[in-house]
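Here is how the chains run, residue by residue.
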Amino acid sequence: FTFTAQTGVALSTVATSNSITVGGITAPAAISIVGGTYSINGGAYTAVAGTVNNGDQVTVRQTSSGSFSTLTTATLTIGGVSGAFDVTTLAADTTPDPFSFSDVTGVALSTVQTSNAITVSGIAAPAAISIVGGEYQVGSGTWTNIAGTVANTNTVKVRHTSSGTNSTAVNTTLTIGGISDTFTSTTLADTIPDSFAFIDV
């Protein structure tokens, strides 16, 4: 007999196998299980050894792992013949929902520009975070340009120093779990004309 393996199962949840039909016996056979429980003909699930008859319907269930991408196995044995019910939990989702920084324009030259805060969402495990062209801050932590990790619901801001030239953009790109957005600041335009002089006549 064969149980169909299940994959992508939620963490710490009860998984129930397909039903198998006991066949090929002419007298009651011993039944036992390791790593789960079994039910005969829709009865109560149990881990206690018992007996089954030809034609009985048996299902197996177990609780999936509390860790991502982890295999657990319940092995049912009937009359010395065994079948495994394998359950593998889903992979950790470390790709966040898209996020966006609001660009700023008309900023003063050579000044620190700090972005709005974005909230990390849509991940189930810590995700990698890195930055190019500036620094980032997680929550109220230290500003840094060193790659690290963030968790779901963390808030993140970025900052950089604006250009020392008028009408010039500076870009800072933050990447979390493969998703990126760029914070851009553009300096104000030069409204001071070149020096001039009138010629006396």
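Here the structure is a predicted model, which means the values were calculated and not measured.

Definitions and limits used
Residues numbered from 1 in each chain as written. Predicted model: local features only at pLDDT ≥ 70, side-chain atom pairs only at ≥ 80, totals over all residues. Heavy atoms only, no water. Pairing = 2+ DSSP bridges. Helix = DSSP H or I, 4+ residues; strand = E, 2+ residues; numbered from the N terminus. Axes fitted to C-alpha atoms, helices over the stretch in contact; angles between N-to-C directions. Buried < 20%, exposed > 50% of the residue type's maximum accessible area, 1.4 Å probe, protein only. Salt bridge = Lys/Arg side-chain N within 4 Å of Asp/Glu carboxyl O.

### Considering the sheet that holds strand β10 (residues 104–107)
Strand order in the open sheet made by the five strands is β10-β18-β17-β13-β15, with mixed pairing throughout. Single-partner strands in this sheet number two, and they are β10 and β15 (148–150). The mean inter-strand angle of the sheet, taken between neighbouring strand axes irrespective of direction, is 30 degrees.

### A word on unusual backbone geometry
Even without being glycine, S12 reaches a positive phi, approximately 55 degrees. The topology assignment puts S12 in the loop between β1 (6–9) and β2 (14–16). Looking at S12, the relative accessible area reads 48%, which means it is partly exposed. Of note in the backbone geometry, S167 takes a positive phi value of approximately 55 degrees without being a glycine. Mapped onto the secondary structure, S167 falls in the loop between β16 (155–161) and β17 (169–176).

### Section: the pattern of salt bridges
In total, this model carries one salt bridge according to the counting rule given. Across the salt bridge formed by E135 and R159, the nearest N and O atoms sit 2.8 Å from each other. On the criterion of sequence distance, the pair formed by E135 in strand β14 (residues 135–138) and R159 in strand β16 is long-range, its members being 24 residues apart. The class of R159 is partly exposed, set by a relative accessible area of 26%.

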